[in-house]
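Below, each chain spelled out in residue letters.
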Amino acid sequence: MTQAKKTTTKKLLVAAGIFIVIIGITIYLVTNKIKADQVESTPVITTDDIETVPASTLQSNPDSRAEVSVPILMYHHIRNYNDPNDTIGTNLSVPLENFDAQIKYLKDNGYSTVTFSDLLEFPTKKLAEKPVVITFDDGYSDAYANAYPELRTNNDVAVFYIISGFLGRADTITASQVKEMSDNGMEIGSHTIDHPDLTTLSATKMESELVQSKTAIEAIIGKSIISFCYPSGKNNSIVDAATKNAGYLTATTTVSGISTTSSDKFTLPRIRITPSDSLTTFANKLAGK
Ligand SMILES: [Zn+2]
């Protein structure tokens, strides 16, 4: 090989080397830009924002019972209210002294209040001996002002179903009150954006009611929402499936009955507590009589 040819070959090798380095840098930069774009397009709520159950609490304490009864109590207003011109409102209002007596009855008779999160851990984790779920529909101010302090005093928990579009109205709780209850162990569930009859909606509208209310309340509490309640107890197999697809793990109805750990999680029956229930009636309803 002549000196001239050697020089040319050397130059070509150097050029090829530079070319490879440039290609390498380009690939590196493009890859990182794509990653950066993906990060930027991540929704506001990330899995990091959502509290997860620590691995230590998932360790075994299995429940050996095949099936456990889990009565789910349904309340709306907790207030002293009796207006002959508002029979619906009156019938949805349980006086505070009745509610207090019912909470005391549960304690005196060995019941423990649990949430749907607890229920879903059965049988991996042991449920309370006599579990009961207390639910409040519609997110009324009086449930926060009257029932919530009573629950706190007694170290009880309950599930509050919130209508995301009705937060902060004259008679409903505020976003910060929802956050406070969640931070103090209450389970927050969704009850849609504006309480429609889901069975009458198009698939698209139904999905937005289910998904957007869930996302909005999750943004307030910083936790994943697993529980849903069908407005006015209106559901069917299409609504049930859409609820499941929206990411919920449980849904309650207004069908009267005692739920158990074997019940279908998207058609859970409940026990309606009315203003006229005496403590005896309450006890009988709880026992499925
Ligand atoms: Zn409702």
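As a reminder, the structure under discussion sits directly above these lines.
The structure presented is a predicted model; accordingly, all values stated were derived computationally and were not measured.

Q: Would you mind going over the overall build of the protein chain in detail, with residue names and values included?
A: Scanning the protein chain from terminus to terminus reveals nine helices and 12 strands. Excluding contacts between residues fewer than 6 apart, the proportion of contacts in the protein chain whose partners are at least 24 apart in sequence is 67%. Just so you have it, the protein chain exposes about 15300 Å², and 57% of that area is on carbon and sulfur atoms.

Q: Which residues make up the coordination of the zinc ion, and what are the values?
A: Looking at the metal site, the zinc ion is ligated by Asp138 (OD), His191 (NE2) and His195 (NE2), spaced 2.1 Å from it. Each donor residue of the zinc ion belongs to the same chain, with the gaps between them written as D-x52-H-x3-H. Residue aspartate 138 is found in the loop between strand 6 (131–136) and helix 5 (141–153), and its partner histidine 191 is found in the loop between strand 8 (187–190) and helix 7 (203–221); the two are separated by 53 residues along the sequence. With relative accessibility at 10%, the residue aspartate 138 sits in the buried group.

Q: Account for the nonpolar core, with residues named and values stated.
A: By size, the foremost hydrophobic cluster in this structure holds 41 residues, and its most contacted members are Leu73, Tyr75, Phe99, Ile134, Phe136, Leu151 and Phe160. Within the residue set of this core, elements represented by two or more residues are strand 2 (72–75), helix 3 (96–108), strand 6, helix 5, strand 7 (159–162), helix 6 (175–183), helix 7 and helix 9 (279–286). Here the element with the most residues in this core is helix 5; it accounts for five residues. Excluding anything up to four places from it in sequence, tyrosine 75 contacts Val94, Phe99, Gln102, Ile134, Thr135, Phe136, Asp137, Ile273 and Phe282. Phe122, Leu127, Cys229 and Leu268 belong to the second-largest nonpolar core, a separate cluster that totals 14 residues.

Q: Explain unusual backbone geometry residue by residue, including any values.
A: Residue proline 123 is bonded to the preceding phenylalanine 122 through a cis peptide linkage, with omega at 0 degrees. Among the secondary structure elements, proline 123 is positioned in the loop between helix 4 (116–120) and strand 6. The backbone of aspartate 138 sits at a positive phi, close to 80 degrees, despite the residue not being glycine. Phi is positive for threonine 192, which is not a glycine, with a value near 75 degrees. Tracing the chain through its elements places threonine 192 in the loop between strand 8 and helix 7.

Q: I'd like a rundown of helix 7, residues and numbers included.
A: The end-to-end C-alpha distance of helix 7 is 27 Å, a good match for the 27 Å that 19 residues give at a rise of 1.5 Å each. Where helix 7 is concerned, the buried positions are Met206, Ser208, Glu209, Leu210, Ser213, Lys214, Ile217, Glu218 and Ile221. Against the buried residues of helix 7 lie strand 7, helix 6, strand 8, strand 9 (227–229) and helix 8 (237–245). Just downstream of helix 7, glycine 222 is the residue with a positive phi angle, here 70 degrees.

Q: Run through helix 9, naming residues and quoting values.
A: When we look at burial in helix 9, the residues that qualify are Phe282, Ala283 and Leu286. Angular distribution of buried residues about the axis of helix 9 spans 95 degrees; they occupy a single face of the element. Directly after helix 9, the chain includes glycine 288, whose backbone phi takes a positive value near 80 degrees.

Conventions and cut-offs
- Residues numbered from 1 in each chain as written.
- Predicted model: local features only at pLDDT ≥ 70, side-chain atom pairs only at ≥ 80, totals over all residues.
- Heavy atoms only, no water.
- Helix = DSSP H or I, 4+ residues; strand = E, 2+ residues; numbered from the N terminus.
- Contact = heavy atoms within 4.5 Å.
- Areas by Shrake-Rupley, 256 points an atom, 1.4 Å probe, with all protein chains shown as cover.
- Donors = N, O, S within 2.8 Å, 3.2 Å for Na, K, Ca; no water.
- Buried < 20%, exposed > 50% of the residue type's maximum accessible area, 1.4 Å probe, protein only.
- Core = buried A, V, L, I, M, F, W, Y, C linked by side-chain atoms within 4.5 Å.
- Expected span 1.5 Å × (residues − 1).
- Arc of directions from axis to C-beta.

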